[in-house]
Amino acid sequence: SITITCNTINGDLAIGEVCNKNTAISYNATYFCTSSSPVSPVLTGNGGGVYSSTAGLVINASTGTITPSASTAGEYKIYYTVAATAECTEYIATATVFINEAPQASIVFENGPYCTGGGIVIPTFAGNTGGVFSANDGLYIDPLTGAVNLGTNPVGNYTVTYSIAASGGCEAVSSATSIHIENPGRWIGTANTQWNETANWLCGIIPATGADVSIDSGVVNYPVIDSNITVSLHNLTIASGASFKVS
């Protein structure tokens, strides 16, 4: 007779190979995202084993289903352990998966609207770097920084999008915001009724001689032109409900 004494066997030693021949586990991908749905393994060979992994990966011990959304980003080795029996030693099959953090992005152009000739504005950004900025309707934008040159771009309403490509099991992500560029010369009446107060004008720009000026309704203060002020305009547009007073 032959007596064989053995402890835990990982892999393909003789007895484990015979008892658990071709037993293996795999998942439909190697990389998953913290936004991914639960994923179950494909088991080839003998059932009845127990699944386990290191701390941080949420895994069902009976089914091997992993839950990326509840797991911590990182690299994990998953173990499928078939317990020893009277005839067979313990057998372990393994698979490796990576959980990546889902990318996030948020952009906004603050303190708008903006005026032509007003320099360069850059959006406030939060989230993952490595994405690309783009815009619609002919707005030129720096694809890396999102910077917009107000001196070279035309008047208009635009949508700016920041896009992160799909990677590492995570889907593509994008964030969009609007930017409005217009000619200076719009009265906003923030400070008082004085024509020559910069705080009363969009972008802080007092209209130059011969400029087009518009006065919207709903502002706190409407302009009053005193006798000691000379104002020369090209076109003056006064919205319904707004006023323009010369004293």
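The structure under discussion appears in the preceding block.
These remarks concern the structure in this document. (Residues numbered from 1 in each chain as written. Predicted model: local features only at pLDDT ≥ 70, side-chain atom pairs only at ≥ 80, totals over all residues. Heavy atoms only, no water.)

Right, let's talk about the packing of aromatic side chains for a bit. Two measures describe an aromatic ring pair: the distance that separates the ring centres and the angle between the ring planes. Under the counting rule described, the total for this entry stands at nine aromatic pairs. Judged by centre distance (4.9 Å) and plane angle (70 degrees), the rings of F125 and Y162 are edge-to-face. Placement of the pair is F125 in strand β11 (residues 124–127) and Y162 in strand β14 (residues 156–164), with a sequence separation of 37 residues. Residue Y162 is classed as buried on the basis of its relative accessible area of 3%. Geometrically, the ring pair formed by F133 and Y162 is tilted, given 4.7 Å between the ring centres and 50 degrees between the ring planes. Here the residue F133 occupies a position in strand β12 (residues 132–135), and Y162 occupies one in strand β14, the gap between them amounting to 29 residues. Summarising the burial analysis for this pair, F133 and Y162 share the class buried. (Phe/Tyr/Trp six-rings, centres within 6.5 Å; stacked < 30°, edge-to-face > 60°. Helix = DSSP H or I, 4+ residues; strand = E, 2+ residues; numbered from the N terminus. Buried < 20%, exposed > 50% of the residue type's maximum accessible area, 1.4 Å probe, protein only.)

We now examine the pairing of strand β15 (residues 173–182). Pairing geometry for strand β9 (residues 114–115) and β15, over two bridges, is parallel. Within β15, the residue paired with Y114 across the bridge is I181. Both β14 and β15 contribute to a ladder of nine bridges, which runs antiparallel. The partner of I164 across the bridge, within β15, is V173. (Pairing = 2+ DSSP bridges.)

The strands that make up a sheet pair up through hydrogen bonds in the backbone, lying either parallel or antiparallel. Here four strands make up an open sheet; going across it, the order is β9-β15-β14-β12 and the pairing mixed. Each edge of the open sheet carries a strand with a single partner, namely β9 and β12.

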